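Each chain, written out:
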Amino acid sequence: MSALSVPYGAAGHSATLVRDCSPSERVRFGYHARMPPPKPSTPPATPAAPPTVPAAPAPAPGAAAVGAGEGPAPGRPRVYRRVLLKLSGEALGGGGAGGSGGGGAGLDPDELRTLSREVRDACRAGAQVAVVVGGGNFIRGATMARIGKIHQATADYMGMLATIINGLALKETLLAEGVDSRVMSAIEVKAVAEPFIRGRALRHMEKGRVLILVAGTGNPFCTTDTCAALRAAELDCQVILKATKVDGVYSADPAKDPSATRFDTLTYMEALTKNLRVMDMTAFAMCQERKIPIIVFDFRTPGNIRRVIEGQRLGTLISDPAPPAPPAPARP
């Protein structure tokens, strides 16, 4: 049986064969009543014109740049996008007298509330904030090792536990102020803190959470200043804000020497050669290598943390020396 003699709808038959038949063959085999009507031909659709996107307005004079790596706009200081705030243990302890172990006065609820509100206002300025806390209000490992007949490695671990206490207290106070926060520890204490994992830490900061870093680097013989420099490099922070009880770096202790003078700017090498003891040598070397500036300022003045984040010049800036200005073009 030929293809044209196969009844319509039989196995192996297709509409293509039917359409290939001549009109007389369609009438002969009865296909004219069974063929679907031809589809009307439609002209090809004209592609729609792309929507007109209005041109972005020109930035207002003095608009601040926020992205990483961008310089400050003329006429207005820049806003830091991601910062690391270094807090000593004494900042949480109210400055009371310590014991023989080199500690401060424990925790002061009023200081915690004040500091939490300052950090809250800094977050509202649009910055991502990580905080490294010390433990000097409870114990100082080096001092305890020197006078307590305790091996320094053990004394340093005791100091790490003190920073965990401070970090938990700061987290709970921040939560009471409506600021979401997380505690990440360099040593394992999974019942109260997450382990420090760089990717997870960055994710917390990108979600707007305050990251509280405790237990230092997790290693003895390393200060929390070294931890601050290390974490700032790991988390791509643009600046380290070292919060102190004086308004910058002085040539001597201003509480003991009335003739002490304050520096507005310093280089890393000047801070080391002058033995100013702002941070330890390891922290300075790491900041110098990674080109992370340090701003030392008085955190007790209300609003100072936010002002520094917004770019206002406060305290002392420690950084690389400014590059020399290019020579002026010679006149013809």
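The structure displayed is predicted, hence computed values, not measured ones.

1. Some points on the overall build of the protein
1) Next: The number of helices and strands found in the protein is 11 helices and 11 strands.
2) Next: Looking at the 332 residues of the protein, the share that counts as buried comes to 42%.
3) Next: Considering only contacts within the protein whose residues lie at least 6 apart along the sequence, 68% involve residues at least 24 apart.
4) Next: Carbon and sulfur atoms provide 57% of the accessible area of the protein, an area that totals close to 18500 Å².

2. Digging into the sheet that holds strand 3 (residues 181-185)
1) Next: Strand order in the open sheet made by the 9 strands is 4-3-5-2-1-6-10-11-9, with mixed pairing throughout. With one partner strand each, in any of the chains shown, strand 4 (194-195) and strand 9 (265-267) form the two edges of the open sheet.
2) Next: Relative to strand 2 (residues 128-133), strand 1 (residues 82-87) is paired through 6 bridges, and the arrangement is parallel. The residue bridging K86 from the neighbouring strand is V132, located in strand 2.

3. What about the pairing of strand 6 (residues 239-244)?
1) Next: Most of strand 6 sits inside the fold, with 6 of its 6 residues counted as buried.
2) Next: Both faces of strand 6 are covered, namely the face carrying V239, L241 and A243 and the face carrying I240, K242 and T244.
3) Next: In this structure, strand 1 lies alongside strand 6, joined through 5 bridges in parallel fashion. Bridge pairing in strand 6 places V83 opposite V239.

4. Section: helix 6 (residues 152-176)
1) Next: Spanning 25 residues, helix 6 covers 36 Å between terminal C-alpha atoms, matching the ideal 36 Å at 1.5 Å per step.
2) Next: Trailing helix 6 by a residue or two, G178 shows a phi angle of about 85 degrees, which is positive.

5. Things to note about a nonpolar patch on the surface
1) Next: Taken together, the side chains of L107, F138 and I165 define a hydrophobic patch exposed on the protein surface, amounting to about 230 Å² of accessible area.
2) Next: Along the chain, L107 falls in the loop between helix 3 (90-93) and helix 4 (109-124).
3) Next: Under the relative-accessibility criterion, L107 is labelled partly exposed at 33%.

6. Some thoughts on the pattern of salt bridges
Side chains carrying opposite charge are able to pair once their charged atoms draw close together.
1) Next: Following the criterion strictly, the structure yields 19 salt bridges and no others.
2) Next: As a salt-bridge pair, R113 and D110 come within 2.3 Å of each other at their nearest N and O atoms. A residue pair is termed a helical-turn pair when its members lie 3 or 4 positions apart in one helix, as R113 and D110 do in helix 4 at 3 residues.
3) Next: Residue classification places D110 among the partly exposed residues on the basis of a relative accessible area of 48%.
4) Next: Notably, a salt bridge pairs K242 with D225, separated by 3.3 Å at the nearest N-O pair. Of the two residues, K242 is situated in strand 6 and D225 in helix 8 (residues 224-234); the sequence distance between them amounts to 17 residues.

7. Structural notes on the state of the cysteines
1) Next: Within this structure, the stated rule accounts for 0 disulfides.
2) Next: The thiol sulfur of C222 is not disulfide-bonded, and the nearest other cysteine sulfur, from C227, lies at 9.2 Å.

8. Let's talk about the packing of aromatic side chains
1) Next: Scanning the model with the defined rule gives 0 aromatic pairs in all.
2) Next: Across from the ring centre of F196, 4.0 Å away, lies the NZ or CZ of R231, which sits over that ring.

9. Here we look at the confidence of the model for the protein
1) Next: Overall, the prediction assigns the protein a mean pLDDT of 80, with 70% of residues at 70 or greater.
2) Next: Note on residues 1-18: pLDDT is under 50 here. Beyond four places in sequence and across chains, it has 22 contacts.
3) Next: Predicted confidence is poor over residues 96-102, with pLDDT under 50, and the contacts of this stretch with residues over four places away or in other chains come to 17 contacts.

The rules behind each value
- Residues numbered from 1 in each chain as written.
- Predicted model: local features only at pLDDT ≥ 70, side-chain atom pairs only at ≥ 80, totals over all residues.
- Heavy atoms only, no water.
- Helix = DSSP H or I, 4+ residues; strand = E, 2+ residues; numbered from the N terminus.
- Buried < 20%, exposed > 50% of the residue type's maximum accessible area, 1.4 Å probe, protein only.
- Contact = heavy atoms within 4.5 Å.
- Areas by Shrake-Rupley, 256 points an atom, 1.4 Å probe, with all protein chains shown as cover.
- Pairing = 2+ DSSP bridges.
- Expected span 1.5 Å × (residues − 1).
- Patch = residues over 30% accessible without salt bridge, like charges linked within 9 Å, V, L, I, M, F, W, Y side chains within 5 Å.
- Salt bridge = Lys/Arg side-chain N within 4 Å of Asp/Glu carboxyl O.
- Disulfide = S-S within 2.5 Å.
- Phe/Tyr/Trp six-rings, centres within 6.5 Å; stacked < 30°, edge-to-face > 60°.
- Lys NZ or Arg CZ within 6 Å of the ring centre and 35° of its normal.
- pLDDT = per-residue confidence, 0-100.

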